[in-house]
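Observations on the model geometry
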Amino acid sequence: MAEENKFTELKSTLIKAKTASETDAAKVDNKRDSKGRAYATGRRKESVARVWIKPGSGKITINGRDETVYFARPVLRMILRQPLIAAARDGQFDVVATVNGGGLSGQAGAVRHGISRALVNYEPTLRPVLKPGGFLTRDPRAVERKKYGRPKARRSFQFSKR
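Our subject in this report is the structure included herewith. (Residues numbered from 1 in each chain as written. Predicted model: local features only at pLDDT ≥ 70, side-chain atom pairs only at ≥ 80, totals over all residues. Heavy atoms only, no water.)

**Focus: the overall build of the chain**
Using the following cut-off: Helix numbering and strand numbering both begin at the N terminus, where a helix is a DSSP run of H or I of at least 4 residues and a strand a DSSP run of E of at least 2. Here a residue-residue contact requires only that any non-hydrogen atoms of the pair lie within 4.5 Å. Method for areas: the Shrake-Rupley scheme with a 1.4 Å probe, in which residue coverage is limited to the protein chains shown.
Summing up its helical and strand segments, the chain has 5 helices and 5 strands in all. Secondary structure elements of the chain occur, N-terminal to C-terminal, as α-β-β-β-β-α-α-β-α-α. Look at the contacts in the chain between residues 6 or more apart in sequence, and 67% of them connect residues 24 or more apart. A total accessible area of about 11,000 Å² is found for the chain, and carbon and sulfur atoms account for 55% of it.

Put into structure tokens, the structure is as follows:
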């Protein structure tokens, strides 16, 4: 009798573990919407980017404009493509992003962060590739606040001995 109870307990725990692992796998796969897109939010300085990726020809659109128009500097375009190149997916995904706040440098960093997170949502096996490169980490650096009695955050007025 006691052996049967142990067996039924073991069986029920196995079933619970199996259903839990199935739901975890379903959570990983359910990161795509009905149109087959993966979504993520990226942040950098004061900028916030909402990013959608889907399989395509590699076109990147930011706020309804092409990447070459929105980010005219080649360095900013290079920043955008870093996670795609690191994951060897450059030219395989179309990226649509809306970004606001901050300047162009912060916006480029926010879009990069969003692309990285969206790639992991679309393809969870890319996480070990992107994580060591620092693409999934939100850069915490921000502008230091101005202090009273000073012209800027740390700059002090010119000192005159006489």
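**Considering the pattern of salt bridges**
Going by this rule: Counted as salt bridges are all cases of a side-chain nitrogen of Lys or Arg within 4 Å of a carboxyl oxygen of Asp or Glu. Each residue gets one of three labels from its accessible area relative to the maximum for its type: buried under 20%, exposed over 50%, partly exposed in between, using a 1.4 Å probe on protein chains only.
Applying the stated rule across the entire model yields 8 salt bridges. The residue Glu-123 makes a salt bridge to Arg-89 at a minimum N-O spacing of 2.6 Å. In this pair, Glu-123 is assigned in the loop between helix H4 (104–122) and helix H5 (127–130) and Arg-89 in the loop between helix H3 (74–86) and strand S5 (93–100), connecting sequence segments 34 residues apart. Arg-89 gets classed as buried once you look at its relative accessible area, which sits at 18%.

**Overview of unusual backbone geometry**
The phi angle at Asn-63 is positive, at roughly 50°, despite the residue not being glycine. Along the chain, Asn-63 falls in the loop between strand S3 (60–62) and strand S4 (65–66). Its identity is not glycine, yet Ala-88 carries a phi of approximately 55°, on the positive side. Look at Ala-88 and you get exposed, because its relative accessible area is 54%.

**Considerations on the sheet that holds S3**
We count it as follows: In short, DSSP must find at least two bridges between two strands for them to pair. Axes, fitted as lines to C-alpha atoms, cover a helix only where it is in contact. Angles between the N-to-C directions of the axes lie from 0 to 180 degrees.
With mixed pairing, the 5 strands of this open sheet are ordered in space as S1-S2-S5-S3-S4. Each edge of the sheet is formed by a strand with only one pairing partner; in this case those strands are strand S1 (38–44) and S4. Running at roughly 145° to S1, H4 makes contact with S1, strand S2 (47–55) and S5 of the sheet.

**Regarding the packing of aromatic side chains**
Just so we agree on the cut-off: Two rings from Phe, Tyr or Trp (for Trp, the six-membered ring) form a pair when their centres sit within 6.5 Å of each other. Planes less than 30 degrees apart are called stacked, planes more than 60 degrees apart edge-to-face, and all others tilted.
Applying the stated criterion to the full structure yields 3 aromatic pairs. Between Tyr-39 and Trp-52, the aromatic rings sit 5.1 Å apart at their centres with planes inclined by 45°, giving tilted as the arrangement. One end of the pair, Tyr-39, is in strand S1; the other, Trp-52, is in strand S2, with 13 residues separating them in the sequence. Accessibility expressed as a relative area gives 21% for Trp-52, which makes it partly exposed. Each ring, one from Phe-93 and one from Tyr-122, has its centre 5.0 Å from the other, and the planes form 80°; the classification is edge-to-face.

**A few points about H4**
Keep this limit in mind: Here the expected span of a helix is defined as 1.5 Å times the quantity of residues minus one.
The end-to-end C-alpha separation of H4 is 26 Å, in line with the 27 Å expected for 19 residues at 1.5 Å each. Extensive coverage of H4 is indicated by the burial of 15 of its 19 residues.

**Things to note about the packing of H3 against H4**
We apply this condition: For classification purposes, angles smaller than 35 degrees are called roughly parallel, those larger than 145 roughly antiparallel, those between 65 and 115 roughly perpendicular, and all remaining angles oblique. Two helices that cross are described as forming a left-handed crossing if the nearer one is turned anticlockwise from the farther one by less than a right angle, and a right-handed crossing if clockwise. In this count, Pro and Cys sit with the nonpolar residues alongside Ala, Val, Leu, Ile, Met, Phe, Trp and Tyr, while Asp, Glu, Lys and Arg are called charged and the others, Gly among them, polar.
Direction vectors running N to C along H3 and H4 enclose 15°, while the axes themselves pass 8 Å from each other. One element, H3, and the other, H4, form an angle in the roughly parallel class. As H3 packs across H4, the resulting crossing turns out to be right-handed. Residues Leu-76, Ile-79, Leu-80, Gln-82, Pro-83 and Leu-84 of H3 touch H4, and the partners they reach there are Leu-104, Ser-105, Ala-108, Gly-109, Val-111, Arg-112, Ile-115, Ser-116 and Leu-119. When the residues that make up the contact of H3 with H4 are grouped by side-chain class, the tally is 10 nonpolar, 4 polar and 1 charged.

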